[in-house]
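# Structural overview
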Amino acid sequence: MSSTKKAAPKTKEARVTVFERIGKKLSDFGKRFVDGSPGTKLSHFVFGAGNFYHKQYIKGALFLLLQLGILAVMIFCPSINGTPYGWKALKNLSLKNVTEGGDFDPMTGHLTVGSDCKLMILFGFVTIAMILIYFLIWNMNIKSSVKADNDKRVGKKPTTFKEDLAELLDGKFHVLMLTPTCIAAAVFSILPTVFMIALAFTTYNSQDMNDLGTNLFNWNGLQNFRAVFTGEGSLGFEIKNRFLPVLGWTFIWAILATFTCYFGGIILALLINKKGLKGKKIFRTVFILTIAVPQFISLLAVRNILGEYGPFNQMLKDMGLIKESIGFIGLKPGDSEPLAKVMVIIVNMWVGIPYTMLMTSGILMNIPTDLYEAARVDGASTVKMFFKITLPYVIFITTPYLISSFVGNINSFNTIFLLTGGGPTYTGYQAGGTDLLVTWLYKVTIDQGSYNTGAVIGIFTFLITATITLITYRRSKAYNEEDTFQ
Amino acid sequence: MRKLLALLVASILAVSLLAGCSGGGKVKDDGVIRVWVGEESAEFYQKICDEYIAAHADFGYKIEVKGMDTGSVAGTITNDPTAAADIYTVAHDNIGKLASTQCAKPIVDESLVSQVLADNPESFQTVIYSTLNGKEYLYGVPYISQALFLYYNKALVTEEQAKTFEGLQEAAKAANTKAITVTGDDGFNMSFALLARKVSDKSTTVKLFEGAESVSGGSKGKSNCQGDDTVAIVRWLQDFASDPNGFKWASPDGWEADLNKDNKGALAVIGGAWHYNSAKAALGETNLGITLIPTFKLTDRAVEGLSTVKAGDEYRGGTFADCKCFMINANSAVSKYAKEQELIKYLSSKDVQNKSYLEVLNVPAYVGAADYIKQCFEEGKVSESEYMLAASQVSMAEWGIPQPFITGTLNTYYYSKNGPAVFRAMIDKTAYPTTGDQILTETESLESIRKGLYLIEYLWMHGVTPSEFPAKLPEEA
């Protein structure tokens, strides 16, 4: 409670600061224009004009080229695969005025392509990004001119292009290093994410697309999100009936898979590191060997071992314990769902425990021995020492690992997909008994072509994992007391 | 060090910029026509193409043939048509999708069109056209025929027993195993039951998008899945699947594990030519028998309450009778167009189809190929199993129809909208969702079977489940 009360005035204060900042920026902008040299004034309209005015020709030419380049794209709208960039791309974002087929000339065999709504959305967003970049460069060009003005005012010579480049290797080295990273993040991370989010508001699924034309779809507002509660979407009642069970199992799986592997690994590490145990290195090597085998091979091997004609079923049959094969991992419709769930958790322990064991071994070897000696002097038992020294120490260090492991298990595609394929399946639904949100998402998009519903599931998965990660991490000791361990 | 890093960063930016600026230009004619065929046939077609160039010095192009997995090649092409070959091979079910996504261009050469119309059966001719801007064009040129047939374990099943489901059941009883399985539970494999035809007149009431227009969003034609014969077949299969020596769905370990001579999971499997090597590996060449999909007789329970079918009526398991086709990539250089059509005309000629049967066992698609196949066997040019592999497919083609997917939509509706899953649930007698979120738990009565079949037909036509069942389900088609 007290923290909430304290937070309120802070927020108000922050708001004031934001408005003040905006006001100051605007006033600075006006001042900059009024006080600027003719070159600076002109650079508000013609990029690089200020630089030309200060005889910084190369820099000015680069700014001007960028302006002309972006304006040319915006005006002339070059196209790729028949879909334009520029102002036409902004217009196309409405997904109106589309054509299904292209023109064909039987004499020459020339065929032009029809509209592609995916590219229309993508190029629309790229164009918006270009507009943002345009204003960024616009600001940079004005700032550059103002800097030259100021240099002149204090009697300094405006910097040359060579000096600017040298500055990039010195004072602005961080800018040089971070630029490719930022560009890569924008192109490979932000743009696809924005595109994926946009799809959640469209009719982009194989069924509707085929009705309209194979590459055509429309915006449909929040309908795909409503479908989670009403069942009136491209996935029918599946999204309504299976969303909560799949979400629930995803949580149960993530919790059990994380903690079984975590504590299993700690116990194993404790056993291996026990004083007096002979052949420690051999034990460690044996467990590390399971990591050396690619996970998908281990999982497929287990799938075969537990299969209908696999050795495990065969052994039970030979022993006379069963007559018909048991569907241990739910590969057939009608197989037991609880059994399949238990089996995936057990198999996951087999592939997951060695990782924790390896990490915990290192941590255990680094716990200061004087802590144990002091505890022993005070008369602490072995159990007490474990709970009061070992466990808190290990947890303190491994909390970030625990969180990333939990989130990783929410998105644990391999284990489920390779082992059970999400089965046992239920007629009428893509989501089987052991499907996680992420494997269901795969089936919904790849098998069913319901990309819009897939995007909705993706957004929900993101919100859940992001929320859990932030809350848990911010509340953990590893975050709050990162400098100390007590 | 800093200069080095800066240089590295500048290089990365420059390369990214260049990569970003590349592509998107006009397709250039590089003097090579690239052809994608099935992996097993690549060497053969390269040889055939080399021979053609040697005999036609004025052809003017080099030809490069590459083997591709024909099952996934359509996806490869739609993902990036610019990277696909000039001429590629796909099963005919992909024509609608490839045409409507402008991954393929129409074929207009008159002599080639005439050859296609003269050589191919009418059933193929209905599925190789598609429309562009309202006009119908030929898109695919058939050159391989495909149909389902039966592989069986000759060590445990006699030739006579393999002719009927009842015979297989008898052999399975003796071997204490299941009689027959399929290679998957998808819409393609369930055709053996849904498309079964009456032996006496090869009739069925099942219709799949009959008369559908070959344009996206056009008429989906007529479908029917509710005839008395279909109801009776479902009931018969329900009983046959419940029998300890009857039908089983393919094991999750794979149908090969079922057929395997050591596992003895099932004595026979309904499959296609593409399963030949796996079936041979599972049984060994000497134990591998090949024949038509067997016949079965309707039982008293199967026809109970039905007026147009009788107990004892004999049906043969059905199949989709498909063809593989050559198509021209829409992104191929315009200047190659005429030569591409010339090359396809040659590659799809009867002569080359015959050669491809002899050398790589591709079953010819043209009308009358059965005579040539028989002649080859009689002349000792092919082994018995190689002959049966082709002869069974040619014979089964008479009992089948081409797969239903003139447009991408029908393909999706038939395969991906739960129709096959509902059919499996009906046969397994397990519960399944029907209208809205209602679950049908009773699956054996006549009413529930009619409901299930209505549901399947509705899914075929609309891609979604109906909001409710009609007040009165049709008593017959």
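Here we summarise the structure given alongside this text. Owing to the predicted nature of the structure, the values given are computational and were not obtained by experimental measurement.

### Quick notes on the nonpolar core
Core analysis: the biggest nonpolar cluster contains 90 residues, and B:Tyr151, B:Ile180, B:Leu237, B:Phe247, B:Leu298, B:Phe423 and B:Trp460 have the highest contact counts within it. Ranked by residues supplied to this core, first place goes to helix α9 (residues 228-242) of chain B with 8 residues. Ranked by size, the runner-up nonpolar core spans 57 residues in total, among them A:Leu111, B:Tyr129, B:Phe326 and B:Ile328.

### Quick word on the environment of B:Glu64
Residues and elements named next belong to chain B. Along the polypeptide, glutamate 64 turns up in strand β2 (residues 62-68). Judged by relative accessible area, which is 41%, glutamate 64 ranks as partly exposed. Distance from glutamate 64 to glutamine 46, taken between C-alpha atoms, is 6.9 Å for residues 18 residues apart in sequence. Non-local contacts of glutamate 64, meaning those with residues more than four positions away in its chain, are made with Val32, Ile33, Arg34, Val35 and Gln46.

### Things to note about the packing of helix α17 (residues 382-410) of chain A against helix α20 (residues 451-475) of chain A
Residues and elements named next belong to chain A. In contact at an axis separation of 10 Å, α17 and α20 are set at 165 degrees when each is read in the N-to-C sense. Relative to α20, α17 is oriented roughly antiparallel. Like other packed secondary-structure pairs, α17 and α20 cross with a definite hand, here right-handed. Along its contact with α17, which presents Pro400, Ile403, Phe406, Val407 and Ile410, the element α20 presents Thr461, Thr465, Ile468, Thr469, Thr472 and Tyr473. Looking at the contact of α17 with α20, its residues break down into 7 nonpolar, 4 polar and no charged.

### Describing the packing of aromatic side chains
Inspection of the entire model under this criterion finds 46 aromatic pairs over all chains. For the ring pair A:Tyr262 and A:Phe263, a centre distance of 5.2 Å and an interplane angle of 80 degrees mean the geometry is edge-to-face. Since its relative accessible area comes to 33%, A:Phe263 is described here as partly exposed. Plain terms: the ring middles of B:Tyr454 and B:Tyr458 are 6.0 Å apart, the flat faces sit at 35 degrees to each other, and that makes the pair tilted. Placement of the pair is B:Tyr454 and B:Tyr458 together in helix α19 (residues 446-462), with a separation of 4 residues, close to one helical turn. Look at B:Tyr458 and you get partly exposed, because its relative accessible area is 23%. A network of ring pairs unites the aromatic residues B:Phe165, B:Phe192, B:Trp236, B:Phe240, B:Phe247, B:Trp249, B:Phe296 and B:Tyr315 as a single cluster.

### Focus on the sheet that holds strand β15 (residues 288-291) of chain B
Residue and element names in this part refer to chain B. Strand order in the open sheet formed by 5 strands is β13-β9-β14-β8-β15, with mixed pairing between adjacent strands. Bordering the open sheet on either side are β13 (247-248) and β15, each of which pairs with just one other strand. Relative to strand β9 (residues 178-182), helix α7 (residues 165-175) is tilted by about 120 degrees, and along the sheet it contacts β8 (149-153), β9 and β14 (266-271). Of the strands in this sheet, β8 and β15 touch helix α11 (residues 276-283), which is tilted by about 140 degrees from β15.

### Quick look at the sheet that holds strand β17 (residues 314-316) of chain B
Residues and elements named next belong to chain B. Read across the sheet, 3 strands follow the order β10-β17-β16 without closing on themselves; strand pairing throughout is antiparallel. Whereas interior strands pair on both sides, the edge strands pair on one side only; in this sheet they are β10 (197-198) and β16 (295-297). As paired strands, β16 and β17 are joined by 3 bridges and run antiparallel to one another. Bridge pairing in β17 places lysine 297 opposite glutamate 314.

Reading guide: rules and limits
- Residues numbered from 1 in each chain as written.
- Chains lettered and ligands numbered in written order.
- Predicted model: local features only at pLDDT ≥ 70, side-chain atom pairs only at ≥ 80, totals over all residues.
- Heavy atoms only, no water.
- Core = buried A, V, L, I, M, F, W, Y, C linked by side-chain atoms within 4.5 Å.
- Buried < 20%, exposed > 50% of the residue type's maximum accessible area, 1.4 Å probe, protein only.
- Helix = DSSP H or I, 4+ residues; strand = E, 2+ residues; numbered from the N terminus.
- Contact = heavy atoms within 4.5 Å.
- Axes fitted to C-alpha atoms, helices over the stretch in contact; angles between N-to-C directions.
- Parallel < 35°, antiparallel > 145°, perpendicular 65-115°, else oblique.
- Left-handed = near helix turned anticlockwise from the far one by under 90°.
- Nonpolar A, V, L, I, M, F, W, Y, C, P; charged D, E, K, R; others polar.
- Phe/Tyr/Trp six-rings, centres within 6.5 Å; stacked < 30°, edge-to-face > 60°.
- Pairing = 2+ DSSP bridges.

These values are about where atoms sit, not about what they do.
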